[in-house]
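Secondary and tertiary structure notes
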Amino acid sequence: MKRFTLLFAMALIIVSPAALAKTVDAVASFSVLADIVRQVGGDHVKVTELVGTDGDPHAFEPAPKDSQSLAKADVVFVSGLGLEGWIDRLVTASGYRGKVVTASTGVNPRQMEEDGKTVTDPHAWNSARNGALYARNVMNALIAADPQDADYFRQHGEAYIQKLEKLDAWAKAEFAAIPQAKRKVLTSHDAFGYFGAEYGVQFLSPVGFSTEAEASASDVAGLIDQIKQEHIATYFIENQTDPRLVKQIASASGAKPGGELYPEALSAAGGPAATYEAAFRHNVTTLAGSMK
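Criteria and thresholds
- Residues numbered from 1 in each chain as written.
- Predicted model: local features only at pLDDT ≥ 70, side-chain atom pairs only at ≥ 80, totals over all residues.
- Heavy atoms only, no water.
- Buried < 20%, exposed > 50% of the residue type's maximum accessible area, 1.4 Å probe, protein only.
- Helix = DSSP H or I, 4+ residues; strand = E, 2+ residues; numbered from the N terminus.
- Pairing = 2+ DSSP bridges.
- Right-handed = clockwise from strand over helix to strand, strands pointing away.
- Core = buried A, V, L, I, M, F, W, Y, C linked by side-chain atoms within 4.5 Å.
- Contact = heavy atoms within 4.5 Å.

1. Brief notes about the pairing of strand β3 (residues 75–78)
Of the two faces of β3, the one carrying Val-75 and Phe-77 and the one carrying Val-76 and Val-78 are both buried. Relative to β3, strand β1 (residues 24–30) runs parallel, the two sharing three bridges. Across the sheet, the residue bridging to Val-27 is Val-76, located in β3. Pairing analysis gives four bridges linking β3 to strand β4 (residues 99–102), with the strands arranged parallel. For Phe-77, the partnering residue across the bridge sits in β4 and is Val-101. Handedness of the β-α-β unit built from β3, helix α5 (residues 87–94) and β4 comes out right-handed.

2. Concerning the nonpolar core
Counting 71 residues, the largest nonpolar core has Phe-77, Phe-175, Phe-195 and Leu-287 as its most contacted members. Apart from residues lying up to four places away in sequence, Phe-77 is in contact with Ala-26, Val-27, Ala-28, Ser-29, Leu-33, Val-37, Val-101, Val-138, Ala-141 and Leu-142.

3. Some thoughts on unusual backbone geometry
Unlike most non-glycine residues, Asp-54 shows phi in positive territory, near 60°. One non-glycine residue with positive phi stands out, namely Leu-81, at about 60°. Inspection of the secondary structure assignment puts Leu-81 in the loop between β3 and α5.

As far as function goes, none of this settles anything; it's purely spatial.
If you want it as structure tokens, here you go:
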């Protein structure tokens, strides 16, 4: 009888959902997206981020270890919209044959003229509404990669999506309480276009969508004049960029420091922006606080 009970218990363990559960080996292109994958995937996903905390996804140079991470991945997540100009070369070099999931699929892309060319703004996640769309795309991709855990991913994903939708509504209310004339700031590069469009904030910056772009002397002079004319009182540095140029412009225009923002890289664990949700909330609170 004891032998039968033991065998029966072992059989239950073998066929239990917990025993059959798979851990999806995922690679995400940069820290913001990596956190979204972690939030949706929970205990059933292991995430490797290519561009780490405080890293610049525009200027990233893949290393051999990154190729190795892709080679053993079940699924690879990228933001898309031109952010990861290096990803195709890395995928080819790694020999990865799996699916590359573009988390921004479904986003209404912003475009602008830059140096005589029409370019797409890749920073879609800086709208929390778009962040919720990212989370849904991630959820569906994880379900496809591991159908056995579909209910788990759906439960985690839907709860996280609701959280981001509430965050979006909160941000709208925060800025709606501030006069439009005060919603103007100076930042290091043009990373807040989707944020500005969603929440009614005007951002000025010395360079365009990519941190690798360089501002001409005439562009800088024109920006200083515009800051003075529009009485823009505050400038912000970004955690992943060199702050020297924006500080020079602020000094020449009279703008005062408003703090540090996290538009495309999270802070290290224990910092003010260790998750996507925390980074977004920090950016809203810091910007709105300077305007009030």
